[in-house]
Amino acid sequence: KTTPDAYRLGVGIMLLNKDGKVFVGQRLDMSSEAWQMPQGGIDEGEDPEAAMYRELLEETGVGEVKILASTKDWLSYDLPQELRSRLWQGRFKGQKQKWFLVELQGGDEQINIATEIPEFKSWKWVDPKDVTGLIVPFKVDLYNKVLAEFDSLLK
């Protein structure tokens, strides 16, 4: 049983192309210019790596990646108060995530955001240094931690 002060367990994925650019998708369910890297919840009994592959496929259509790294610790973010009641039936105050740095095997033709349950209305590749400027303010600290941890592997 979860409490309103609990974190939902999830994964985050920093998908790189061969040029070292990062995939970001523009959320379908937000009226603002909300971009993010792929992420999602871990199902009951699922390990983080399996969840990463599943979420990546569900959100981007990408099935083939090379794992370069994962975060040593779980990283968390808190949802703004106004979103807490709307998301996950108000059961969680935010997410605690294991992040993976992965490289796309192949080219852009692998990406298909018109998935069964689409999450993104558009997508693009951006420089790692530009990622935090595109996302919702409540995730900036989290993204900075992810970028710092993977920094030595980014071009």
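Basis of the calculations
Residues numbered from 1 in each chain as written. Predicted model: local features only at pLDDT ≥ 70, side-chain atom pairs only at ≥ 80, totals over all residues. Heavy atoms only, no water. Buried < 20%, exposed > 50% of the residue type's maximum accessible area, 1.4 Å probe, protein only. Helix = DSSP H or I, 4+ residues; strand = E, 2+ residues; numbered from the N terminus. Pairing = 2+ DSSP bridges. Core = buried A, V, L, I, M, F, W, Y, C linked by side-chain atoms within 4.5 Å. Contact = heavy atoms within 4.5 Å. Salt bridge = Lys/Arg side-chain N within 4 Å of Asp/Glu carboxyl O. pLDDT = per-residue confidence, 0-100.

Here we come to the pairing of strand β2 (residues 22–27). Summarising burial for β2: 6 of the 6 residues are buried, a large majority. Looking at chain direction, β2 and strand β8 (residues 120–126) are connected through 6 bridges and run antiparallel. Bridge pairing in β8 places R27 opposite F120. As paired elements, β2 and strand β3 (residues 35–36) share 2 bridges and run antiparallel to each other. Its bridge partner being in β3, G25 is matched across the sheet by Q36.

As a further point, take the nonpolar core. Of all hydrophobic cores here, the largest spans 25 residues; its most connected members are M14, M37, W99 and F150. If you list the elements that add at least two residues to this core, you get β1 (6–16), β2, β6 (75–78), β7 (92–104) and α3 (140–150). Broken down by element, the residue count for this core peaks at 5 residues, all from α3. In this structure, M37 is in contact with I13, M14, V22, F23, V24, W99, V131 and Y143, ignoring residues within four places of it in sequence. Grouped together as the second largest cluster of nonpolar side chains are 17 residues, V11, M52, L56 and V62 included.

Using the criterion set out here, one finds 10 salt bridges in the structure. With its nearest N and O atoms 2.7 Å apart, the salt bridge here joins D29 to R27. Note that D43 is salt-bridged to R54, the shortest N-O span being 3.4 Å. One end of the pair, D43, is in the loop between β4 (39–41) and α1 (48–60); the other, R54, is in helix α1, and 11 residues separate them in sequence.

Averaged over all residues, the pLDDT of the protein is 93; the fraction at 70 or higher stands at 97%. By mean pLDDT, the top-scoring element of the protein is strand β5 (residues 65–70) (98), and the lowest-scoring one is helix α2 (residues 81–84) (84).

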